[in-house]
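Analysis of the macromolecular model
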Amino acid sequence: MGQPKGSPVPAAGSAPPGTASPPAAAPAPAAPPSAAWLRDGTPGRLRRLLLLILTATVLLWLIATIVVQGLHGTAATVRDQDAPAFTDATEAHAVLSDADRAAWQSFRSGEAQLTGPGQQYQNDITTAGQDLEQLAALAPSGTAGQQLPTISGQLVNYQGLVEQADAANRADIAVGNASGHDLGYAYLTYSSSAMRNPQGGLLASISGVTAADRQALDQGLGSWWASPVLLVLVVAAAGWLLWCILRAQRFLLRRFRRLVSPPLAVAGVLTVVLLAWVLATAVSAESSLGAARGSALPALTQVWQAQSSAVDAQAAALRAGKTPSASGGLNVIATQQASSALTADLTSAQDVGLLPAGIPLLAVAIVGLTWLGFKLRLDEYRG
Amino acid sequence: MPGRSRSPRRAVALLAACGLAAGALAACGGGSAGGPAVVTVLGSWTGDEQSGFLAMVRGFEHATGIQVDYTGTRDADAVLASDLKDGNPPDLAVLSRPGELRQDAADGTLVPIDAALDQARLARQYTPGWRSLMQAAGPSGARHYYAIIVKAALKSVIWYDPRQFPARDLSRLTSPGLTWDQLTGVARGLARGGVTPWCLGLEDSSDSGWPGTDWIEDIVLHRSGPKVYDQWVAGTLPWTSAPIRQAWQAFGRVASTRGLARGGPAAALVTSYAQAGQPLFTRPPGCYLDHEGSFITAFYAQDRLGGSRHAHPRPRTDFDFVPFPPLASAGKGTAEVAGDLLGMFRGTAAARKLISYLTTPAAQEAWIRRPGSGAISVNRLVPLADYPDPVSRELARNLLGAASVRFDASDSMPQIMENAFNNAVLEYLDDPGQLDVILGGLDQVRQAAYKP
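Here the structure is a predicted model, which means the values were calculated and not measured. (Residues numbered from 1 in each chain as written. Chains lettered and ligands numbered in written order. Predicted model: local features only at pLDDT ≥ 70, side-chain atom pairs only at ≥ 80, totals over all residues.)

**Let's talk about the overall build of chain A**
On a plain count of helices and strands, chain A comes out with 11 helices and 0 strands. Residue burial in chain A is summarised as follows: out of 383 residues, 46% are buried. Residue pairs at least 24 apart in sequence account for 79% of intrachain contacts in chain A once pairs closer than 6 positions are excluded. (Helix = DSSP H or I, 4+ residues; strand = E, 2+ residues; numbered from the N terminus. Buried ≥ 20, exposed ≤ 12 C-beta atoms within 10 Å, placed from the backbone. Contact = placed C-beta atoms within 7 Å.)

Right, here's the structure in full:
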């Protein structure tokens, strides 16, 4: 330790480092002035190391930003577009099936004489109309967008047939038709057929939209942005940056006898913090998307399917003139609970906190600290 | 140390690789724009008919790379009306009624297709009568081609199962000079024997009632002849006139007389036209005679034979037909037909190409060759040998060879008249005693519908 702390130490068997004068008899070939600052002795080596660390930092910044923004964007699309489109289409399907059931119940019970197809029918039609409007706003193009005008026309047609059933039923009652209100029930049968015909009926058209929306939702939830493989890239970039910092520390130790450069050490710690933050956020988001995919969505689908099946069975029984084994139509609370669970998972997946701001801040800090660490050494070669 | 001195270069290489990877990651978020041209088609063909149309356009898609996006629903008329109201019609739509074609052409809703058609070729392949059906007057009054006939159907047809029809009556039914009186005599004989002669179903979603209008139209045509039929279609013959009233009453005697129609009027109202004929093939049959257009063979071919899960009725063996018999000499040699017209609502280049393709014999053959399709081509260059079975060949021969062919009357009337006719049939079956009120109501609609 006979030299001042931080002063250059020639490596054993090597030429004097840095700006030590080369032998006058053997001048080095003239280098292009633009690259000389990178090549000349220890300062050049320091500058190369600095450039390497800065490059690795920028790369980490880029990759971390792309991964986090990709994940956030995917989760946001799923939460704000794919999931609502699927739930709107599914709900429209269920409430229209319930509208058919409610109309039949009103006719069979005799309420239709005073109330027509009934209040529940009206509520279901209103809900279906709102769902279709929201669908149109969410998916102006694609399968759903193409099908919606058709569905809209079919819905108007269905409502027209129910109105005809109501009118015919009242007319039959008014004239005391002994045939048993056949025409009113006939029109109601036509309305059910228009709705439930598996080949091109209203519900079949909505099922087409539901299937397309479900496919989009599954693709979103299974997006490769939510794949752990992408995190390997982040780990690799952070690992490379750490390796560069360690290499710089080692060089400083050899050339300058400095055990630790504090700015570089802090830069290394910030790199680890950045990596841990990105990993924790990404793993949490992926976990939430996984929960939505593996649990909340199947549960929601199951609730809707169970309710639709029950409503379909009740409607079929009423059409056949039988008393349904259960009544009451849709259980709105159960579907809302199932839908809330899915929304909660997707909201959690979308929440990346302050990370989008934290990544550039930490990257700038790493760059600044690295520059500071190297500047102290490079300054020793000036003047 | 060489290794140490090269490490920054390696780092730069690694950086480049990572940069490429990051770029690729970012790029993967985007999608490709553009794609193949698409023709949207709306029609009432579903099930096997939809498959027939898709088979028809497959060759076009392969040859041109243009994609045909077909939407099939039994409520196509209502959907088209809604699409037009929203200003978002499909490129092409199937119109089952010349009345609708004339109305949409006059409104300027339909786009003329003259430019899409080789008219010399069309003249060689289609008779003047069929070509006339493809034309209409546009908003300026000038006549143009506005549609093509994709396929046609013979409607004056009565179906039966040759294997199950009572042998003592079969020879009377199939005798060349079969008359209406003989046919009704056979039916009454079957009823007296304790079985139901007629299958009947009027349900077809929002178009319910048309199977009954077909009955009445056939009776008018085969009783009063083409001249009276044309006056009626043109709106110059009142519904309350004797020929029309008597046709309704004749239909009522079949549909409402106890024991003549399966299930009676209440069952006929809610039985689908597509399923009405299924009891022909049960053991024993639920009914023995079915008045349906030639398209019904597509449904028969999917029915179960004798309750079997795998066996389906086969033409000639399990179902065959006799022409609707004349009720009077004026109705001899006549036949009622129908056709599916395809009109253009958005004049894209791809839509014009598809229109042109669909008139060719190759396209027409792709549909009619499908076993059980029930489709008949009116293109004269399509040989009878291309039909897949003797029954469909016979149907095509009857359609193309009839001395006096008339298009379906209700399809030819203005739309509000047609809708009123459909609903009137349903009301008549519900309460036959209201016939005077019903016909009077139809005349009121007539005065509004035919107003110049």
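**As for the overall build of chain B**
For chain B, the helix and strand inventory stands at 18 helices and 12 strands. Considered along the principal axes of its C-alpha atoms, chain B spans approximately 115 × 55 × 45 Å. Expressed as a percentage of the 452 residues in chain B, the buried residues total 51%. At a minimum sequence separation of 6, the contacts of chain B that also span at least 24 residues come to 76%.

**A few points about the sheet that holds strand 8 (residues 198–199) of chain B**
Residue and element names in this part refer to chain B. Spatial strand order, 8-9-7-10: 4 strands in an open sheet with mixed pairing. This sheet does not close on itself; its edge strands, each paired only once, are strand 8 and strand 10 (320–323). Two elements, strand 8 and strand 9 (residues 289–291), share 2 bridges in a ladder whose sense is parallel. The partner of tryptophan 198 across the bridge, within strand 9, is leucine 289. (Pairing = 2+ DSSP bridges.)

**As for helix 9 (residues 262–319) of chain A**
Residue and element names in this part refer to chain A. A rise of 1.5 Å per residue sets the reference length of helix 9, with its 58 residues, at 86 Å; its end C-alpha atoms lie 82 Å apart and thus fit the reference within 8%. Alanine 292 marks where helix 9 bends most, by close to 40°. Count one or two residues on from helix 9 and you reach glycine 321, which has phi positive near 80°. (Expected span 1.5 Å × (residues − 1). Bend = angle between axes of the 7 residues up to and from the residue.)

**A few points about the domain arrangement of chain B**
How big an interface is tends to be stated in terms of the accessible area lost upon association of its parts. All names here are of chain B. Entries for chain B in the domain assignment read domain 1 (38–154 + 337–397) and domain 2 (157–335 + 411–449). The centre of domain 1, based on its C-alpha atoms, is set 27 Å off from the matching centre of domain 2. Contacts between the two partners involve 24 residues from domain 1, matched on the other side by 23 residues from domain 2. If you list the elements that add at least two residues to the side of domain 1 that touches domain 2, you get helix 2 (47–64), helix 4 (98–107), strand 6 (147–154), strand 11 (334–344) and helix 15 (390–401). Its residues assigned to classes, the side of domain 1 that touches domain 2 comprises 10 nonpolar, 7 polar and 7 charged. (Domains from an automatic or database assignment. Nonpolar A, V, L, I, M, F, W, Y, C, P; charged D, E, K, R; others polar.)

**Comments concerning the nonpolar core**
If you look at the biggest cluster of nonpolar residues, it comprises 234 residues, and the most contacted ones within it are Leu60(A), Ala64(A) and Leu354(B). Considering every element that reaches this core, the biggest residue donor is helix 2 (residues 41–109) of chain A, with 30 residues. For this core, the two domains that each supply at least three residues are domain 1 (38–154 + 337–397) and domain 2 (157–335 + 411–449) of chain B. With near-sequence residues (within four places) excluded, Leu60(A) lies in contact with Ala237(A), Ala238(A), Leu241(A) and Ala363(A). (Core = buried A, V, L, I, M, F, W, Y, C linked by C-beta atoms within 7 Å.)

**Details of the confidence of the model for chain B**
Do not read the fine detail of predicted coordinates wherever pLDDT is low. Taken residue by residue, chain B gives an average pLDDT of 88. The fraction at 70 or more is 92%. Contacts of residues 1–33 of chain B to residues separated by more than four positions or lying in other chains number 17 contacts, the stretch itself having pLDDT below 50. (pLDDT = per-residue confidence, 0-100.)

**Overview of helix 14 (residues 361–368) of chain B**
Inspection of helix 14 of chain B places Ala363(B), Gln364(B), Ala366(B), Trp367(B) and Ile368(B) among the buried residues, and these make up the whole buried set. Where helix 14 of chain B is buried, its residues meet helix 2, strand 6 and helix 13 (349–358) of chain B.

**Some points on the interface of chain A and chain B**
Across the contact, 32 residues belong to chain A and 35 residues belong to chain B. Broken down by class, the residue content of the side of chain A that touches chain B amounts to 15 nonpolar, 15 polar and 2 charged.

**A closer look at the environment of Gln81(A)**
Residues and elements named next belong to chain A. One can find glutamine 81 in helix 2. A residue is classified by how many C-beta atoms lie within 10 Å of it, and glutamine 81, with 16 of them, is partly exposed. It is 21 Å that separates the C-alpha atoms of glutamine 81 and valine 67, two residues lying 14 residues apart in sequence.

**A look at the environment of Ile173(A)**
All names here are of chain A. Relative to the assigned elements, isoleucine 173 resides in helix 5 (residues 142–175). On the basis of neighbour count, isoleucine 173 is assigned to the partly exposed category, with 14 C-beta atoms found within 10 Å. Residues isoleucine 173 and glutamine 113, spaced 60 residues apart in sequence, show a C-alpha to C-alpha distance of 7.8 Å.

**Here we look at the pairing of strand 11 of chain B**
All names here are of chain B. Across the 11 residues of strand 11, 11 count as buried, placing the element largely inside the fold. Alternating positions in strand 11 separate into two faces, Thr334, Glu336, Ala338, Asp340, Leu342 and Met344 on one and Ala335, Val337, Gly339, Leu341 and Gly343 on the other, with burial throughout. As judged from the 4 bridges shared by strand 3 (residues 92–95) and strand 11, these two strands associate in the antiparallel manner. Within the sheet, the bridge partner assigned to leucine 92 lies in strand 11 and is methionine 344. Inspection of the sheet shows strand 6 paired to strand 11 by 7 bridges, in the antiparallel sense. By the bridge assignment, leucine 154 is partnered in strand 11 with valine 337. Pairing geometry for strand 11 and strand 12 (residues 404–407), over 4 bridges, is parallel. When the sheet's bridge partners are listed, valine 337 is paired in strand 12 with phenylalanine 407.

**Brief notes about the confidence of the model for chain A**
Residue and element names in this part refer to chain A. Confidence in the prediction of chain A, expressed as mean pLDDT, is 83, and 85% of residues score 70 or more. Here helix 1 (residues 33–39) stands out as the element of chain A with the lowest mean pLDDT, 59, in contrast to helix 6 (residues 182–196), whose mean of 93 is the highest. For the stretch residues 1–31, pLDDT sits under 50, and the model shows 30 contacts to residues farther than four places along the chain or on other chains.

**Some details on unusual backbone geometry**
Residue and element names in this part refer to chain B. Between arginine 283 and the following residue, proline 284, the backbone shows a cis peptide bond with an omega angle of -5°. Inspection of the secondary structure assignment puts proline 284 in the loop between helix 11 (264–270) and strand 9. A positive phi angle, near 50°, is found at serine 205, a position not held by glycine. Here serine 205 is to be found in the loop between strand 8 and helix 9 (210–234). We classify serine 205 as buried; it has 26 C-beta atoms within 10 Å. Despite not being glycine, arginine 316 shows a phi value in the positive range, around 70°. Within the secondary structure, arginine 316 is located in the loop between helix 12 (297–300) and strand 10. The class for arginine 316 is partly exposed, based on 13 C-beta atoms found within 10 Å.

**Things to note about the packing of helix 2 of chain A against helix 6 of chain A**
The geometry of a pair of packed helices is captured by two quantities: the angle between their axes and the separation between those axes. Residues and elements named next belong to chain A. Across the interface, helix 2 lies against helix 6 with an axial gap of 11 Å and an inter-helix angle of 170°. One finds that helix 2 runs roughly antiparallel with respect to helix 6. Contacts from Leu96, Asp100, Ala103, Trp104 and Phe107 of helix 2 reach helix 6 at Gly184, Tyr185, Leu188, Ser192 and Met195. (Axes fitted to C-alpha atoms, helices over the stretch in contact; angles between N-to-C directions. Parallel < 35°, antiparallel > 145°, perpendicular 65-115°, else oblique.)

**Details of the packing of helix 2 of chain B against helix 13 of chain B**
Residues and elements named next belong to chain B. One way to put it is that helix 2 packs onto helix 13 with a least axis distance of 10 Å and a crossing angle of 130°. Compared by their axis directions, helix 2 and helix 13 come out oblique. Relative to helix 13, helix 2 is oriented so that their crossing is right-handed. Every residue of helix 13 that contacts helix 2 at Met56, Val57, Phe60 and Thr64 is listed here: Lys353, Leu354, Tyr357 and Leu358. Split by residue class, the contact of helix 2 with helix 13 holds 6 nonpolar, 1 polar and 1 charged. (Left-handed = near helix turned anticlockwise from the far one by under 90°.)

**Focus: the environment of Pro117(A)**
All names here are of chain A. Looking at the element boundaries, proline 117 is found in the loop between helix 3 (112–115) and helix 4 (119–138). Along the backbone, proline 117 and aspartate 100 are 17 residues apart, and their C-alpha atoms lie at a distance of 9.0 Å. Other than its neighbours up to four places away in sequence, proline 117 contacts Ala102, Ala103, Ser106, Ala112, Val162 and Asp166.

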